[in-house]
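Per-entry structural report
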Amino acid sequence: MSESATIGPVSRADRIDVIDVLRGVAILGILHLNMPLITNVAWEVFADPRLIGWSEADQIAWIGQRVLTEGTMRGMLQLLFGAGLMLLAAKAMEPSGPVSVADVWYRRNFWLMAFGAFNALILLFPGDILFSYGAAAILLFPFRLLRAQWLAAIGGLFLAFTVVMGVMSYANASHQQDLVESAMAIEEAGGEPSEEQSAALKKWNDKIEKRFMTPEYEKRASEHRKAAADPNPFVYIAYSSSIWGYLWADGAIAFFIVEAFFTMLIGMALFKVGFIQGQLSSRIYWAVMIVGYAFGWGIRIMGLPAFLSFTPEPNPAQLFGGLPRLAIALAHIAAINLLMRSAMAGALTASLGAAGRLAFTLYLMQSFIQTFIIAAPFALGLFDQMNWARVMWVSALVMTGQVVFAMWWTARFRFGPLEWLWRSLTHWKRQPMRLEAADSKGAFGPQATL
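Computed from a predicted model, the values in this text were never measured in an experiment. (Residues numbered from 1 in each chain as written. Predicted model: local features only at pLDDT ≥ 70, side-chain atom pairs only at ≥ 80, totals over all residues. Heavy atoms only, no water.)

1. Some details on the overall build of the chain
Which entries qualify depends on this criterion: To qualify as a helix, a DSSP run of H or I must reach at least 4 residues; to qualify as a strand, a run of E must reach at least 2; elements of each kind are numbered from the N terminus. Computation of the radius of gyration draws on C-alpha atoms, with the globule rule given as 2.2 Å multiplied by the number of residues to the power 0.38. Note on classification: 1.4 Å probe, protein chains only; a residue is buried when its accessible area is under 20% of the maximum for its type, exposed when over 50%, partly exposed between these limits. His is not counted, nor are the chain ends; Lys and Arg add positive charge and Asp and Glu add negative charge. Every charge is mapped to an atom, namely NZ of Lys, CZ of Arg, CG of Asp or CD of Glu.
Each helix and strand counted, the chain has 18 helices and zero strands in total. Here the C-alpha radius of gyration of the chain, 23 Å, is about what a compact globule of 450 residues would show, namely 22 Å. The principal-axis extent of the C-alpha atoms belonging to the chain is close to 85 × 55 × 40 Å. Residues classed as buried in the chain amount to 52% of the 450 residues present. Of the charged side chains in the chain, 34 are positive and 32 negative; the average position of the first set lies 14 Å away from that of the second.

Structure follows, in structure tokens:
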């Protein structure tokens, strides 16, 4: 068998169903988290959740998202991407392993970056993950030979960094709160606060009054609304695509690349020890699920009162950095592995597994639906009308439709339409599309992960 054959599509018997299901859960779940950013003024979503809706139903929807899933779908995809390298590189686990494997890995991720730019600039989703994943994955290949403990240790450096930054942020917020409380006490006593105390009090009150909208955010929000109301659709398209540039300038894209790289290393480690693909005992998965949810959700619930005060007071959840996000993502993976050992396995594979095999197609489809059907003024025109409650049920409707589409498609074709294009471009050769009789339940291989 040639080297190229070892990294091509695999038969149904060689698939890892749980990875398909995990990918399906993550790619569908991320829709619910992305929709507020595409269908509203992104700067208001970043600043204060009340600005896009704060009815009782909105609060329930927002709190559920904030506690249960925020950041964790992205985390699962990053972990799965690291696992995907280990699947693809199975034939290159020696320093002198087949060059074709590395060649395919680098080409597929350069193409992924191109698709990410398309998603951000043409499909108008500035929060695209494809570009940052492709950029991070390019750096992964040399790490494939490291032992799991070293991969986890290196990946953990980023978590340590987030904890340090969280502690520093908490300490600074605590200091500012002390200054504010001192200033208020002095004013109540008829005294004159110091210049530092007065400045801290003014900044505190400004944040509360303006709902954390900085002057720069206010300017961008005004431009965004003006573009959405313009009768010329190209004005809306031009401004929406420019948001990606703002995110580059603000350092958000660079942060996501770094986050993705280190989380992917942890994913490689978890695959090497068998955690992601379901090779460990049920006892271990139960332990990870219980501890992960208890810790991750517990920290987020602990931080809710400070956040919901809508003041700049220090939030104790900051002290833990990115640890809750990773803990919940690992708990999700453990829970799904347990479900795949139950009577639900067949139904999960047929539905969510199908969505996982079309993850790339579904992700870009989500951008198209959110931008060009829901939000755009030349479509349904629901821009700035998608509060948290509406996002919850609309995203659930879209997810259901995507699962049905994925089940129909995978019953007939080896690849999703965009997976087929991505693989054909990577190999620079047109790939077969229709299923062969011998592989009637197949699809593209588990190594082709998002």
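2. Here's the deal with helix α13 (residues 282-308)
Note the threshold: By this rule, a helix spans an expected 1.5 Å times one less than how many residues it contains. What is called the bend at a residue is the angle between a pair of axes, fitted to the seven residues leading up to and ending at it and to the seven starting from it.
For α13, built from 27 residues, the straight-helix expectation of 39 Å at 1.5 Å per residue is met to within 8% by its first-to-last C-alpha distance of 38 Å. The largest bend in α13 amounts to roughly 25° and is located at M302, with the proline P305 lying one to four residues further along. Among all positions of α13, only Y285, M289, G292, Y293, G296, I299, R300, G303, L304 and A306 are buried.

3. Description of the pattern of salt bridges
Using the following cut-off: We define a salt bridge as a contact between a side-chain nitrogen of Lys or Arg and a carboxyl oxygen of Asp or Glu at a distance within 4 Å.
By the definition in use, this model includes 13 salt bridges. Between E259 and R74 there is a salt bridge; the shortest N-O distance is 2.8 Å. Of this pair, E259 sits in helix α12 (residues 252-272) while R74 sits in helix α5 (residues 72-88), and the two are 185 residues apart along the sequence. Here E259 matches R74 in class, with each residue buried. A salt bridge links E223 to K219, with the nearest nitrogen and oxygen atoms 2.9 Å apart.

4. Things to note about a nonpolar patch on the surface
This is how the line gets drawn: Each patch is built from residues that are more than 30% exposed by relative accessible area and take part in no salt bridge. Like charges join if they lie within 9 Å; nonpolar side chains (Val, Leu, Ile, Met, Phe, Trp, Tyr) join within 5 Å. Each accessible area is a Shrake-Rupley result for a 1.4 Å probe, and residues are judged covered by the shown protein chains and nothing else.
On the surface, a cluster of nonpolar side chains totalling about 380 Å² of accessible area is made up of F161, V164, M165 and M168. Looking at the element boundaries, F161 is found in helix α8 (residues 148-188).

5. Things to note about the packing of helix α2 (residues 17-39) against helix α15 (residues 345-357)
The criterion, for reference: An axis is simply a line fitted to the C-alpha atoms; with a helix, the fit covers only the stretch in contact. Between two such axes, the angle follows the N-to-C directions and lies from 0 to 180 degrees. Here roughly perpendicular refers to angles of 65 to 115 degrees, roughly parallel to angles under 35, roughly antiparallel to angles over 145, and oblique to all remaining angles. Less than a right angle of anticlockwise turn of the near helix away from the far helix marks a crossing as left-handed, whereas a clockwise turn marks it as right-handed. Any two residues whose heavy atoms approach within 4.5 Å are treated as being in contact.
At their nearest, the axes of α2 and α15 sit 6 Å apart, and the two run at 70° to each other. Between α2 and α15, the angle falls in the class roughly perpendicular. Relative to α15, α2 is oriented so that their crossing is left-handed. Listed contacts from α15 to D17, D20, V21, R23, G24, V25, I27 and L28 of α2 are L348, T349, L352, G353, A355, G356 and R357.

6. Side note on the nonpolar core
Defined as follows: Nonpolar cores are built from buried Ala, Val, Leu, Ile, Met, Phe, Trp, Tyr and Cys residues. Side-chain atoms within 4.5 Å join them into one set.
Membership of the largest hydrophobic core comes to 107 residues, with the highest contact counts inside it found for L79, L140 and I276. Among the elements that line this core, the one with the most residues is α12, at twelve residues. With residues near it in sequence (within four places) discarded, L79 still touches T263, I266, G267, L270, I276, L326, A329, L330 and I333. Counting eight residues, the second-largest nonpolar core is a separate cluster that includes L31, V391, V394 and V398.

7. Quick word on α15
In this model, α15 (13 residues) spans only 16 Å end to end at C-alpha, well below the 18 Å of a helix rising 1.5 Å per residue. By the largest-angle criterion, S351 marks the main kink of α15, which is about 30°. A345, L348, T349, S351, G353, A354, A355, G356 and R357 are the residues of α15 that are buried. Lining the buried residues of α15 we find α2, α14 (323-339), α16 (359-375), α17 (388-410) and α18 (417-427).

8. Digging into the packing of aromatic side chains
Filter applied, for reference: Note on ring pairs: Phe, Tyr and Trp rings are taken, using the six-membered ring of Trp, and paired if centres are within 6.5 Å. Classes follow the plane angle, with under 30 degrees stacked, over 60 edge-to-face and the rest tilted. To sit over a ring, a charge needs its Lys NZ or Arg CZ within 6 Å of the ring centre and within 35 degrees of the ring normal.
Here the structure, examined in full by the defined rule, presents 32 aromatic pairs. When the ring of Y236 is compared with that of F383, the centres are 6.0 Å apart and the planes differ by 75°; the resulting orientation is edge-to-face. Of this pair, Y236 sits in helix α11 (residues 233-249) while F383 sits in the loop between α16 and α17; the two residues are 147 residues apart in sequence, bridging distant segments of the chain. Assigned by exposure class, Y236 and F383 land together as buried. Put simply, the rings of F143, F158, F161, F255, F256, F261 and F262 pair up and form one aromatic cluster. Stacked on the ring of F310, the Lys or Arg R50 has its end atom at 3.8 Å from the ring centre. Taking NZ or CZ as reference, R66 lies 4.2 Å from the ring centre of F307, over its face.

9. Brief notes about the environment of P314
In this fold, P314 is placed in the loop between α13 and α14. With a relative accessible area of 10%, P314 lands in the buried category. C-alpha separation for the pair P314 and G303, spaced eleven residues apart in sequence, amounts to 9.3 Å. Other than its neighbours up to four places away in sequence, P314 contacts Y170, A173, S174, Q177 and A306.

10. Let's talk about unusual backbone geometry
The phi dihedral of F212 falls on the positive side, at around 65°, and the residue is not glycine. With relative accessibility at 24%, the residue F212 sits in the partly exposed group. Of note, the phi angle at D384 is positive, near 70°, even though the residue is not glycine. As for its placement among the helices and strands, D384 is situated in the loop between α16 and α17.

11. Thoughts on the packing of α16 against α17
The axes of two packed helices give the description: the angle between them and the distance between them. We apply this condition: Each residue is assigned to one class: nonpolar for Ala, Val, Leu, Ile, Met, Phe, Trp, Tyr, Cys and Pro, charged for Asp, Glu, Lys and Arg, and polar for all the others, Gly among them.
One way to put it is that α16 packs onto α17 with a least axis distance of 11 Å and a crossing angle of 135°. With respect to α17, the axis of α16 lies oblique. Crossing hand, α16 versus α17: right-handed. Here T361, L362, M365, Q366, I369 and I374 of α16 come into contact with α17, specifically with V394, V398, Q402 and F405. Split by residue class, the contact of α16 with α17 holds seven nonpolar, three polar and no charged.

Just geometry here; none of it tells us what the structure is for.
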